[in-house]
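Architecture and fold: a report
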Amino acid sequence: MAKRDYYEVLGVAKGSSEAEMKAAYRKLAMQHHPDRNPGDKDCEHRFKEINEAYDVLKDGDKRAAYDRFGHAAFEQGMGGGAQGFGADFGSAFSDIFEGIFGMGGARQRTSGRERGADLRFNMEITLEDAFNGKTAQVRLPTSVTCETCSGSGAKPGTKPKTCQHCGGHGRIRHTQGGFFTLERTCPICQGRGQVIEDPCPACSGAGRVTRERTLSVNIPPGVEEGTRIRLAGEGEAGLRGGPPGDLYIFLSLAGHELFQRDGADLHCRAPISMVTAALGGEFEVPSIDGSKARVKVPSGTQSGRRFRLSGKGMPVLRAKQHGDMYVQVVVETPQNLTKKQRELLAEFDKLSSQETHPEAAGFFARVKDFFGSGAGSG
């Protein structure tokens, strides 16, 4: 049976670029792969046909010869084509599929060492700590390098040996059907490339043991909720002398009895008397730095008004700026009045007018108009 045109096999035009051919080949090879179609002879034949076509067209010289002479370019010992397919297929096919199946590991000899895991530690601090910064002591159990074997995992006086099953590669290669190679992790050394025949009695061959450590953590001024501090190399020790992981400190801020934080700004509420709101005055509030700040209240201040104290907020992380502090006043209604106080307030109410309560007067005027217009429409 005559061979099909290689461009037709890949489903690409004759002038297609290398990238277009590679994409077409990758799609077809995945679709007709024998492992995805076990027992399907048609797919197996199609798979070989696809690889034969790509093996020729991916090579500039072979492609030029094919474009000029067709399949005859690879007959009579001229090289390439199906005759040269088997020898060159390994590199051509692995270029496409190593990234998909993660098969590149067999080309690299492993040392058996594994990086330790990263660790996370949650720490709660106060708002004052976030303002001033602090050095905190952290105690945590973690894996450290075994002192007995210095992390090798082997009994003192011995060393790990190269795995004979995989030759130290950590991967085993299997050829299927004479044209396709698969890899899997070596079952003897578990991919490390080394075996320990006489493990260290202190760590049972792991090269690390669990210990409780105390670390100093520097918390800079201005940190916020969720700030992450990385301590390089302070995580879990690596297996068999591998590098350690990192330790990440995640900060959270405890609630404060006076202040609420919004970025670098602070907010608080302060009650004032009805007399202070009406006549004006001033009062003191504490600030986060431990000092006191004075707030001046003008006469006629309404409940809910905010006063800004510049630079009295939180420091900005790794900067010289500070946020502001906002004080919201709440006018407190008098309670538990004496007889005399009631009489005075009643007398004040008699003397009051629209000028003394303009907002209330305006509201009830609108209410009167509302009901008046409603009655008229009825």
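Residues numbered from 1 in each chain as written. Predicted model: local features only at pLDDT ≥ 70, side-chain atom pairs only at ≥ 80, totals over all residues. Heavy atoms only, no water.

Here Arg139 is to be found in strand β2 (residues 134-145). Residue classification places Arg139 among the exposed positions, given a relative accessible area of 53%. There is a polar contact of 2.3 Å between the side chain of Arg139 and the side chain of Glu212. At 3.0 Å, the side chain of Arg139 and the side chain of Thr214 are in polar contact. (Helix = DSSP H or I, 4+ residues; strand = E, 2+ residues; numbered from the N terminus. Buried < 20%, exposed > 50% of the residue type's maximum accessible area, 1.4 Å probe, protein only. Polar contact = N/O pair within 3.5 Å; in protein donor to acceptor, adjacent residues only side chain to side chain.)

On to the packing of helix α2 (residues 18-31) against helix α3 (residues 41-57), then. Closest axis-to-axis distance for the α2/α3 pair is 10 Å, and the angle between their directions is 165 degrees. With respect to α3, the element α2 is oriented roughly antiparallel. With respect to the hand of their crossing, α2 and α3 are arranged in left-handed fashion. In this structure, α2 contributes Met21, Lys22, Tyr25, Leu28 and Ala29 to the contact, and α3 contributes Arg46, Phe47, Ile50, Asn51, Tyr54 and Leu57. (Axes fitted to C-alpha atoms, helices over the stretch in contact; angles between N-to-C directions. Parallel < 35°, antiparallel > 145°, perpendicular 65-115°, else oblique. Left-handed = near helix turned anticlockwise from the far one by under 90°. Contact = heavy atoms within 4.5 Å.)

With that settled, consider unusual backbone geometry. With a phi angle near 55 degrees, Arg318 is a residue other than glycine that sits in the positive phi range. By secondary structure assignment, the location of Arg318 is in the loop between β14 (306-309) and β15 (325-332). According to the relative accessible area criterion, Arg318 is exposed, its value standing at 72%.

Counted by the stated rule, this structure contains 18 salt bridges. Residue Arg139 pairs with Glu212 through a salt bridge whose shortest N-O separation is 2.3 Å. One end of the pair, Arg139, is in strand β2; the other, Glu212, is in strand β7 (residues 208-219), and 73 residues separate them in sequence. By the burial criterion, Arg139 is exposed, and Glu212 matches it. One salt bridge in this structure joins Lys161 and Glu197, with 3.2 Å as the shortest N-O distance. With Lys161 in strand β3 (residues 161-162) and Glu197 in the loop between β6 (194-195) and β7, the pair connects residues that are 36 residues apart, well separated along the chain. Shared partners join several salt bridges into a network, and the residues in it are Arg4, Glu8, Arg46 and Glu49. (Salt bridge = Lys/Arg side-chain N within 4 Å of Asp/Glu carboxyl O.)

These values are about where atoms sit, not about what they do.
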